[in-house]
Amino acid sequence: MINLWQNLIKQILVFVLVAPLLTGCWDRLEIEDRAVVLAIGIDKAKPGDEKESSNATHILNQDPEANKGLIRITVQIAVPGRIPLGAGSGSGSSSGEKPVWVLTSVGYTIDDALLNLQQQLADRLFFGHLRVIVISEAVAKKGIENENDFFRRQPQVRRTVWMVVSKGNAADIIKANPQLERVPTLYLLATLEHSRERGTLPNIFLGVFLSANSAKGQAGMLPYLELKKESNIELAGMAYFKNDKMVGVTTALQIGHYMAIKQINPGGYSVLQKMPGSKTLVIFKSTHRKSRITTTIKNGNVHTIIKCQIEGDLTEKSNKKVFITKENLKKLEEKIQEDANVGFGKLIQQTQKDGSDIFGFGEYVRATQPAYWNKEIKTEESWQNQYKEMSFDVTVHVKIRRIGTKTN
């Protein structure tokens, strides 16, 4: 009888302990009740846009000076049941219904604008599937301190989100309708992901940008995009920052220069060259990069030595009458090396002029010259000034490995 009561008590205790673990769905939120945000565009508001602002978070301010700080956000929200699941699927595209819903809102900050937008929606905004954040060049030049703060604090936003700068209005890219993808955000995402896989864009997700922007010896940078007439999107370069403000833009080819200095592979950029001693044009495509960066103290200032090795292939020759020989290849390698030395140096000088150390040379100084850093530099602002005066030597070695299936 005693054993029976003991077993009963044990069963009751087990039930009491397990029961709280079975209530995990009490606060569930169905996916149909969420407004899933796929992309966000951020622009400066135009005069008169303050009339669209809601009083969800504040009493409307009629002061024109205060309204100059307003921003306009444009969001792409996925429409449940219209997102295509594969090739040829999805009733939304076949019936002419759009798979996304584009909405805009105005506010003084990102969260303010989103709260104003929430007042217009029945479902709760959800950022767990946010893939792309587009910031207009005007906003980037003004400063993105607020944007960085919001997306860093928002737990739903992944660090693998792409944040980019648009040459024109961010809303134009969000509203673009590319022909190769039924969901515009996925086309924009594919543009960035495929560029990274081809070796034409470094892996600069939101998390990478925030980390670089917080470092004392490095500046952040973001992809710089331009919308073309047919809704296709061009990777036009990289926008680089000083603190939270955009201070300059590179060209597309200079992305390759940056990736070579930072030893980011695979190599994906090609250069057009003339075959030495003739007018024949050839294309050299880099396939592999190797780099070594060292810093020393020279005459009381930082001196950086950069040694790069680039391997690649000869992919095209415009004149079949000009034969490829070992001597021609050697001269071609020397010409590419000469141009690369000049191009790499110009990129470093360009960023030095703007005080934006996108290469992270300051982090090399912190790691290898800690006594000098702690005594002479100490702060991010001091390194930005020191970076402008930094001297450097760049040496590039180029090797052509393959010339294709033709022997001449």
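Before reading further, recall that the structure is shown in the block above.
Residues numbered from 1 in each chain as written. Predicted model: local features only at pLDDT ≥ 70, side-chain atom pairs only at ≥ 80, totals over all residues. Heavy atoms only, no water.

Peer 1: Teacher, can you tell me more about the environment of Val247 here?
Peer 2: By the element assignment, Val247 lies in strand S9 (residues 245–249). A residue is classified by how much of its surface remains accessible, and Val247, at 32% relative accessible area, is partly exposed. Every residue in contact with Val247, bar those within four places of it in the chain, is listed here: Tyr240, Phe241, Lys242, Asp354 and Ser356. (Helix = DSSP H or I, 4+ residues; strand = E, 2+ residues; numbered from the N terminus. Buried < 20%, exposed > 50% of the residue type's maximum accessible area, 1.4 Å probe, protein only. Contact = heavy atoms within 4.5 Å.)

Peer 1: Just checking my understanding: could you explain unusual backbone geometry for this structure?
Peer 2: Note on backbone geometry: most residues besides glycine have negative phi, and most peptide bonds are trans. That bond from Asn265 to Pro266 is cis: its omega, 5°, falls within 30 degrees of zero. Within the secondary structure, Pro266 is located in the loop between helix H10 (252–261) and strand S10 (270–274). Phi at Gln263 takes a positive value of approximately 55°, unusual for a residue other than glycine. Note that Gln263 resides in the loop between H10 and S10. Of note, the phi angle at Asn299 is positive, near 55°, even though the residue is not glycine. With respect to the helices, strands and loops of the structure, Asn299 is situated in the loop between strand S11 (281–298) and strand S12 (301–317). Given a relative accessible area of 76%, Asn299 falls into the exposed group.

Peer 1: Just to check I follow, could you spell out helix H9 (residues 206–214) for this structure?
Peer 2: An α-helical turn contains 3.6 residues, so a residue and the one three or four places further along point in the same direction. Within H9 the residues assigned to the buried category are Leu206, Phe209, Leu210, Ala212 and Asn213. Down the axis, H9 shows its buried residues gathered within 165° of arc, on one side only. Elements in contact with the buried residues of H9: strand S5 (132–136), helix H6 (145–153), strand S6 (162–166), strand S7 (221–227), strand S8 (233–242) and helix H14 (380–389). (Arc of directions from axis to C-beta.)

Peer 1: What exactly am I supposed to notice about the packing of H6 against H9 here?
Peer 2: Each pair of packed helices gets described by two things: the angle between the helix axes and the distance between those axes. Orientation of H6 relative to H9, taken along the N-to-C sense of each, is 120°, at an axis distance of 11 Å. Here H6 is positioned oblique relative to H9, judged by the angle of their axes. Of the two elements, H6 crosses H9, and the hand of that crossing is left-handed. Counting all contacts with H6, which are made through Asn148, Phe151 and Arg152, the residues of H9 involved are Leu206, Phe209, Leu210, Asn213 and Ser214. Residues of the contact of H6 with H9, tallied by class, amount to 4 nonpolar, 3 polar and 1 charged. (Axes fitted to C-alpha atoms, helices over the stretch in contact; angles between N-to-C directions. Parallel < 35°, antiparallel > 145°, perpendicular 65-115°, else oblique. Left-handed = near helix turned anticlockwise from the far one by under 90°. Nonpolar A, V, L, I, M, F, W, Y, C, P; charged D, E, K, R; others polar.)

Peer 1: Which parts of the structure should I look at to understand the sheet that holds S10?
Peer 2: Strand-to-strand pairing in sheets goes through backbone hydrogen bonds, with the strands running parallel or antiparallel. The strand order across the open sheet formed by 4 strands is S10-S11-S12-S13, and the pairing between neighbours is mixed. Two strands lie at the open edges of the sheet, namely S10 and strand S13 (391–402), each paired on one side alone. Taking the axes of each pair of neighbouring strands and ignoring which way they run, one obtains an average angle of 35° across the sheet. Across the sheet, helix H11 (residues 326–354) lies against S10, S11, S12 and S13, angled at about 145° from S13, the strand it touches most. (Pairing = 2+ DSSP bridges.)

Peer 1: Looking at this structure, I do not really get the pattern of salt bridges. What am I missing?
Peer 2: A side chain of one charge can pair with a side chain of the opposite charge if their charged atoms are brought near each other. Across all of its chains, the model carries 10 salt bridges by this definition. We note a salt bridge from Arg401 to Glu311, for which the minimum N-O separation is 3.1 Å. Taken together, the positions of Arg401 in strand S13 and Glu311 in strand S12 put the pair 90 residues apart, joining distant regions of the chain. For Glu311, a relative accessible area of 27% corresponds to the partly exposed category. The shortest N-O distance in the salt bridge between Asp339 and Lys335 comes to 2.9 Å. In this pair, Asp339 and Lys335 both sit in helix H11, 4 residues apart, roughly one turn of the helix. Judged by its relative accessible area of 32%, Lys335 is partly exposed. Connected via shared salt-bridge partners are Lys167, Glu226, Lys228 and Glu234. (Salt bridge = Lys/Arg side-chain N within 4 Å of Asp/Glu carboxyl O.)

Peer 1: Before we go on, may I ask you to explain the side chain of Ser195 in this structure?
Peer 2: Of note, Ser195 is situated in helix H8 (residues 184–198). Given the relative accessible area of 4%, Ser195 is considered buried. Setting aside anything within four residues of it in sequence, one finds Ser195 in contact with Ala190, Thr200, Leu201 and Leu235.

Peer 1: What exactly am I supposed to notice about the nonpolar core here?
Peer 2: If you look at soluble globular proteins, the nonpolar side chains tend to sit buried side by side. Membership of the largest hydrophobic core comes to 61 residues, with the highest contact counts inside it found for Ile261, Phe344, Ile348, Phe359, Phe361 and Trp383. Per-element accounting of this core gives the leading share, 7 residues, to H11. Once residues within four sequence positions are removed from consideration, Phe359 is found in contact with Tyr258, Ile261, Lys262, Leu347, Ile348, Thr351, Tyr364 and Tyr387. Residues Val75, Ile133, Ile144 and Phe150 belong to the second largest nonpolar core, which totals 37 residues. (Core = buried A, V, L, I, M, F, W, Y, C linked by side-chain atoms within 4.5 Å.)

Peer 1: In this structure, what is going on with empty space enclosed by the protein? I would like to understand it.
Peer 2: One way to see where empty space is left: roll a probe the size of a water molecule over the atoms. Within the structure shown, the criterion is met by 2 cavities of 30 Å³ or more. Of the volumes computed, that of the largest cavity is approximately 70 Å³. For the largest cavity, the lining is made up of 13 residues, of which Gln218, Ala219, Gly355, Glu380 and Gln384 are closest to its centre. Those elements that provide at least two residues to the lining of the largest cavity are S8 and H14. For the lining of the largest cavity, the element with the highest residue contribution is H14, accounting for 3 residues. The residue inventory of the lining of the largest cavity, partitioned by class, reads 3 nonpolar, 6 polar and 4 charged. (1 Å grid on protein atoms, 1.4 Å probe; cavity = no way out; pocket = protein on both sides within 12 Å on 5 of 7 lines; lining within 4 Å. Points joined across faces, edges and corners; volume = space filled by probe spheres on them.)

Peer 1: For this particular structure, what's the right way to read the packing of aromatic side chains?
Peer 2: Two aromatic rings are characterised by how far apart their centres lie and by the angle between their planes. Evaluated as defined, the whole model comprises 8 aromatic pairs. Here Phe209 and Phe241 contribute two aromatic rings whose centre-to-centre distance is 5.3 Å and whose plane-to-plane angle is 65°, an arrangement assigned as edge-to-face. Placement of Phe209 in helix H9 and of Phe241 in strand S8 is noted, with a sequence separation of 32 residues between them. Each member of the pair, Phe209 as well as Phe241, carries the same accessibility label: buried. A connected cluster of aromatic rings, assembled from ring pairs, spans Tyr258, Phe359, Phe361, Trp373, Trp383 and Tyr387. (Phe/Tyr/Trp six-rings, centres within 6.5 Å; stacked < 30°, edge-to-face > 60°.)

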